[in-house]
Amino acid sequence: MAVCARLCGVGPARGCRRRQQRRGPAETAAADSEPDTDPEEERIEAGAAPPTGAGGGPCTGPAPSPPRCSLLELPPELLVEIFASLPGTDLPSLAQVCTKFRRILHTDTIWRRRCREEYGVCENLRKLEITGVSCRDVYAKLLHRYRHILGLWQPDIGPYGGLLNVVVDGLFIIGWMYLPPHDPHVDDPMRFKPLFRIHLMERKSATVECMYGHKGPHNGHIQIVKKDEFSTKCNQTDHHRMSGGRQEEFRTWLREEWGRTLEDIFHEHMQELILMKFIYTSQYDNCLTYRRIYLPPSRPDDLIKPGLFKGTYGSHGLEIVMLSFHGRCARGTKITGDPNIPAGQQTVEIDLRHRIQLPDVENLRNFNELSRVVLEVREQLRQEQQQDSEGPAPPQEHPRAGPSGAPAEEGGEPRVGAAAEQPAHSGQGQPFVLPVGVSCRNEDYPRTCRMCFYGTGLIAGHGFTSPERTPGVFILFDEDRFGFVWLELKSFSLYSRVQAAFRNADAPSPQAFEEMLKNIQSLTS
């Protein structure tokens with residue numbers, strides 16, 4: 001009876017007598033003869049170990065269920081800690097459970113932690129209390145609402161493209177446009193400027209401001225068109241105009257874009273290209289559509305770490321190229337472009353199966369010698385492709401492989417064009433010099449290289465007319481620099497890694513990255 005009193009919360013004088021009254025005399029006598037305590041019930045309450053059977057082993061009966069405890073019974077301070085560890089997107093559903101949960105979810109501590117852990121907001125959010133804006137407002141009306149535009153984007157500016165990184169910066173969301181350094185200083189850091197910002201001025205809704213021009217922030221608008229695409233619009237384009245008219249705007253743009261005046265540029269063709277770019281890009285007035293791009297995924301066996309590079313492109317100046325690896329080949333995709341090869345196109349493609357052994361320095365100065373080596377590799381590649389199309393050849397007719405995996409001549413020596421074994425990450429290198437007659441925007445290129453590969457470069461007429469791939473040489477200098485010699489153009493491009501850290505830019509999967517490359521290329525094909 002003592003156990004009965006503890007479990008039902010009623011003393012034996014009431015509940016147990018009622019049960020006794022309902023029983024017959026025989027049942028009452030039998031009940032009185034039972035022990036006052038149930039061993040199993042005592043074990044549950046006391047948390048003791050289960051009793052043993054006659055043979056000393058544990059009882060084989062089913063284990064009783066532990067006593068249940070509802071979340072509603074927990075103290076509010078513990079519920080705050082639990083709710084603060086959940087994703088912010090789950091909290092609205094939790095608020096619909098009951099009034100108590102809804103009241104607790106108004107605690108700013110929960111939303112302060114979600115702002116910090118999900119979006120990296122490290123500022124003292126307590127200062128918001130002065131303006132009457134809560135951390136919940138910041139999360140719901142700013143960070144969560146505009147979460148889909150965070151990341152790396154390419155603006156649709158015709159052939160020129162661009163690179164935009166939208167990040168959470170303090171209590172703002174800012175779209176930073178990244179620009180290459182001034183031509184031809186390819187090793188200089190990237191330049192950047194804000195195009196728009198979003199912040200919460202009052203509790204009603206977030207404010208979008210256009211940052212384009214030289215008259216400070218002004219009213220703007222952002223529309224999320226669809227998944228991985230959004231657009232911006234300036235509602236006060238008069239803020240982009242300058243008192244001196246288009247001439248002053250052009251001179252200002254030229255100093256910012258090229259770091260010089262038009263009088264400093266003596267090449268007439270370059271002057272035309274610069275003027276054409278200004279006329280084309282200035283007509284958008286920061287009313288642009290952006291499409292999401294990802295940084296290339298990295299694999300342990302990649303030649304070097306993939307990523308973004310700044311490259312020299314003759315009279316077009318410096319452009320941004322994304323280097324990515326795809327099994328037996330590597331590709332350089334333009335993020336910014338020009339009227340000849342627009343953004344989104346594959347500017348270079350490297351065949352990692354065909355390494356090239358450069359001639360010694362004296363012979364390398366002769367362009368015809370370099371051309372001969374490269375064209376031999378191209379012919380070898382053409383024959384291999386022809387054999388593949390005709391079907392596999394008998395095993396005895398396959399040439400033996402050299403140390404680099406390339407076909408070898410009799411005696412086991414690799415053919416001209418096949419490289420000797422040389423690890424990509426070693427400090428070893430061979431002297432390098434550009435052949436006489438090859439143009440280069442930057443004479444300060446490395447004088448040693450690690451290895452070279454056969455590749456092709458994309459060339460085309462103005463307006464991307466008659467595009468074709470022509471043979472060239474990919475030269476790996478070190479982890480952060482590579483070059484490409486365009487044989488047909490007798491031109492050399494030097495590429496240097498972009499060292500800026502971009503946030504929210506990683507691809508969710510290799511398949512998503514490949515799909516992204518196809519999408520940006522199809523827009524300009």
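As the structure is a computational prediction, the values presented were derived from the model and not from experiment.

Some thoughts on the layout of surface pockets
Phase 1: By volume, the largest pocket is sized at about 970 Å³.
Phase 2: Top contributing element to the lining of the largest pocket by residue count: helix α11 (residues 245–258), with seven residues.
Phase 3: Within the lining of the largest pocket, the residues separate by chemical class into 22 nonpolar, 15 polar and twelve charged.
Phase 4: The computed volume of the second largest pocket comes to approximately 500 Å³.
Phase 5: Lining the second largest pocket are 24 residues, with Tyr-313, Gly-314, His-316, Leu-489 and Ser-491 sitting closest to its centre.

A short note on helix α12 (residues 268–282)
Phase 1: Relative to the 21 Å expected for 15 residues at 1.5 Å per residue, α12 spans 21 Å between its end C-alpha atoms, a close match to the ideal helical length.
Phase 2: All of the buried residues in α12 are Met-270, Leu-273, Ile-274, Phe-278, Thr-281 and Ser-282. Buried residues in α12, looked at end-on, bunch into an arc of 140°, giving them a common side.
Phase 3: For α12, the secondary structure elements touched by its buried residues are α11.

A word on the pattern of salt bridges
One side chain can pair with another of opposite charge once the charged atoms of both are near each other.
Phase 1: Applying the stated rule across the entire model yields 26 salt bridges.
Phase 2: The closest approach of N and O atoms between Arg-372 and Glu-376, which form a salt bridge, is 3.0 Å. With Arg-372 and Glu-376 both in helix α14 (residues 367–390), this residue pair falls four residues apart, about one helical turn.
Phase 3: With relative accessibility at 35%, the residue Glu-376 sits in the partly exposed group.
Phase 4: Linking Arg-481 and Asp-478 is a salt bridge whose minimum nitrogen-to-oxygen distance equals 3.0 Å.
Phase 5: For Arg-481, a relative accessible area of 24% puts it in the partly exposed group.
Phase 6: The class for Asp-478 is buried, based on a relative accessible area of 19%.
Phase 7: When salt bridges with common partners are traced through the structure, they connect Glu-81, Arg-113, Arg-114, Glu-117 and Glu-118 into a single cluster.

Here's the deal with the packing of aromatic side chains
Phase 1: Tallied over the entire structure, the rule returns 26 aromatic pairs.
Phase 2: Relative to Tyr-290, the ring of Phe-230 has its centre 5.0 Å away and its plane inclined at 15°; by these criteria the two rings are stacked. With Phe-230 in strand β7 (residues 229–234) and Tyr-290 in strand β8 (residues 289–293), this residue pair connects regions lying 60 residues apart in the sequence. Considered together, Phe-230 and Tyr-290 belong to a single accessibility category, that of buried residues.
Phase 3: Through successive ring pairs, a cluster of aromatic residues spans Phe-309, Tyr-313, Phe-453, Phe-474, Phe-482, Phe-484, Trp-486 and Tyr-495.
Phase 4: We note Lys-334 situated over the ring of Tyr-313; from NZ or CZ to the ring centre the distance is 4.3 Å.

Observations regarding the sheet that holds strand β1 (residues 151–155)
Phase 1: Pairing within the closed barrel is antiparallel, and its eight strands lie in the order β1-β2-β3-β4-β5-β6-β7-β8. If you compare each strand with its neighbour and ignore which way they point, the axes differ by 35° on average.
Phase 2: Of the strand pairs in this sheet, strand β5 (residues 207–210) and strand β6 (residues 218–226) are connected by two bridges, and their pairing is antiparallel. From the neighbouring strand, Glu-209 faces β6, where its bridge partner is Asn-219.

What counts as what
All chains use their own residue numbering, which begins from 1 and follows the written sequence. Confidence filtering applies because this is a predicted model: local features only for residues at pLDDT of at least 70, side-chain atom pairs given and counted only at 80 or more, and all residues used for totals across whole chains, interfaces and linings. The side-chain figures draw on all heavy atoms in the structure; neither hydrogens nor water molecules are used. Cavities and pockets were defined on a 1 Å grid built over protein atoms only: a cavity is a set of grid points that admits a 1.4 Å probe from which the probe cannot escape, a pocket is an open set flanked by protein on both sides within 12 Å along at least five of seven lines, and lining residues are those with an atom within 4 Å of any such point. Grid points are joined across faces, edges and corners, and a volume is the space filled by probe spheres set on the points. Here a helix means four or more residues in a row that DSSP labels H or I, a strand means two or more in a row labelled E, and each is numbered from the N terminus. Nonpolar residues are Ala, Val, Leu, Ile, Met, Phe, Trp, Tyr, Cys and Pro. Charged residues are Asp, Glu, Lys and Arg, and all others, Gly as well, are polar. Helix span, expected: 1.5 Å multiplied by one less than the number of residues in the helix. Classification of residues uses two cut-offs on accessible area relative to the type maximum, computed with a 1.4 Å probe and protein chains only: under 20% is buried, over 50% is exposed, and between them is partly exposed. To obtain the arc, one takes the directions from the helix axis to the C-beta atoms. What makes two residues a contact is simply this: any of their non-hydrogen atoms within 4.5 Å. Basic side-chain nitrogens of Lys or Arg form a salt bridge, by our definition, when they fall within 4 Å of a carboxyl oxygen of Asp or Glu. Pairing of aromatic rings covers Phe, Tyr and Trp, the last counted by its six-membered ring, and requires centre-to-centre distances within 6.5 Å; plane angles under 30 degrees mean stacked, over 60 mean edge-to-face, and any other angle means tilted. When the NZ atom of lysine or the CZ atom of arginine is within 6 Å of a ring's centre and also within 35 degrees of its normal, the charge is said to sit over that ring. By this definition, two strands are paired if DSSP reports at least two bridges between them. Lines fitted to C-alpha atoms define the axes here, with helix axes fitted over just the stretch in contact, and angles between the N-to-C directions of these axes take values from 0 to 180 degrees.

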